[in-house]
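Listed below, chain by chain, are the residues.
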Amino acid sequence: MVQNMINIGDIEKFSIVDFPSKMAVVVFMQGCPWRCPFCYNQTLQNPHIEGNAEWDNLVHLLEHRKGMIDAVVFSGGEPLMQDSLPEAIDAVRQMEFEVGLHTGGYRPEALQKVLDKVVWVGFDIKAPLHAERYKKATGNAGDVEKVKQSLQMLLEAKIHFECRTTCDPRILDIADIYEIADTLSGLGVEEYYIQKYRPIRTDRVTQDSDCEKFFKDEKLLAYLKQKFKIFDVRK
Ligand code: SF4
């Protein structure tokens, strides 16, 4: 039974920004193997604590939102950490909701199990795809090869997906965004977004002007526009 296996950190009852062109419920899955310095969801990182929501809460919500909600997005945390994700997605699809996924691609074998169940994936690219850079961005050097495998799977599956990067000036510079863009477009990624980092509560150093520099660099923005079929900024 899904309710005995899934650990939900929280549920957002209504979102118009987490699934393109869909009104969605967002399920924040508890647990993440990474420790990105810009993480807005640090309470979701620990996989060993019980989240704040139950599976039954989600089912109840969806039963009462039929006709108002198009989709459910499994977000995190890192949804691919939980082995029960495929069953959870199946259950939501049986209720006739479309399903999306937010992931950093840390576990390709888990991604493989849900690829034919989801209609859209938001794929986080934390840094240029090198071990040392990913270590700085996520706290785990070993995972960059898994990220590359997951990305390749998405490309081969021909599923609708986007790549996006949170531009935290403590770990990325403008040259890094050029490098990420070159790598992604070289692989065949068509849709890319850069997202503004808003300093988290514990970050008392970063200034807004540091965060803004990515979005004020007209040369960079023009480059990204011509590199991808779809590119935009999220501020
Ligand atoms: S992958 Fe997401 S949830 Fe995990 S630490 Fe990074 S930002 Fe936080």
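Analysis parameters
Residues numbered from 1 in each chain as written. Predicted model: local features only at pLDDT ≥ 70, side-chain atom pairs only at ≥ 80, totals over all residues. Heavy atoms only, no water. Core = buried A, V, L, I, M, F, W, Y, C linked by side-chain atoms within 4.5 Å. Buried < 20%, exposed > 50% of the residue type's maximum accessible area, 1.4 Å probe, protein only. Contact = heavy atoms within 4.5 Å. Helix = DSSP H or I, 4+ residues; strand = E, 2+ residues; numbered from the N terminus. Arc of directions from axis to C-beta. Polar contact = N/O pair within 3.5 Å; in protein donor to acceptor, adjacent residues only side chain to side chain. Near = heavy atom within 4 Å. Nonpolar A, V, L, I, M, F, W, Y, C, P; charged D, E, K, R; others polar.

Trainee: Any chance you could explain the nonpolar core here in plain terms?
Mentor: Nonpolar side chains tend to gather and get buried jointly when the protein is soluble and globular. One finds Phe74, Leu151, Ile177, Tyr192 and Ile194 to be the most contacted residues of the largest nonpolar core, which totals 73 residues. With near-sequence residues (within four places) excluded, Ile194 lies in contact with Thr165, Cys167, Ile177, Phe214, Phe215, Leu221, Leu224, Phe231, Asp232, Val233 and Arg234. Membership of the second largest hydrophobic core comes to five residues, among which are Phe19, Ala24, Val73 and Trp120.

Trainee: Would you mind going over helix α9 (residues 218–227) with me for this structure?
Mentor: All of the buried residues in α9 are Leu220, Leu221 and Leu224. Angularly, the buried residues of α9 cover 95 degrees about the axis, an arc narrow enough to put them on a single face. Relative to its buried face, α9 has exposed residues pointing more than 90 degrees away, namely Glu218, Lys219, Lys225 and Gln226. The N-cap of α9, judged by a side-chain oxygen 3.2 Å from the amide nitrogen of Lys219 a few residues on, is Asp217.

Trainee: Looking at this model, I keep getting lost on the site of the ligand. Mind explaining?
Mentor: All residues in the neighbourhood of the ligand are listed as Cys32, Trp34, Arg35, Cys36, Cys39, Gln45, Gly77 and Lys126. Here the residues of the shell around the ligand are counted per class, giving four nonpolar, two polar and two charged.

Trainee: I would appreciate a short explanation of the side chain of Asn7 in the present structure.
Mentor: Within the secondary structure layout, Asn7 lies in the loop between α1 (2–5) and β1 (8–15). Its relative accessible area of 12% is what places Asn7 among the buried residues. Setting aside residues up to four positions removed in sequence, Asn7 forms contacts with Met29, Gln30, Pro47, Ile49, Glu50, Gly51 and Gln82.

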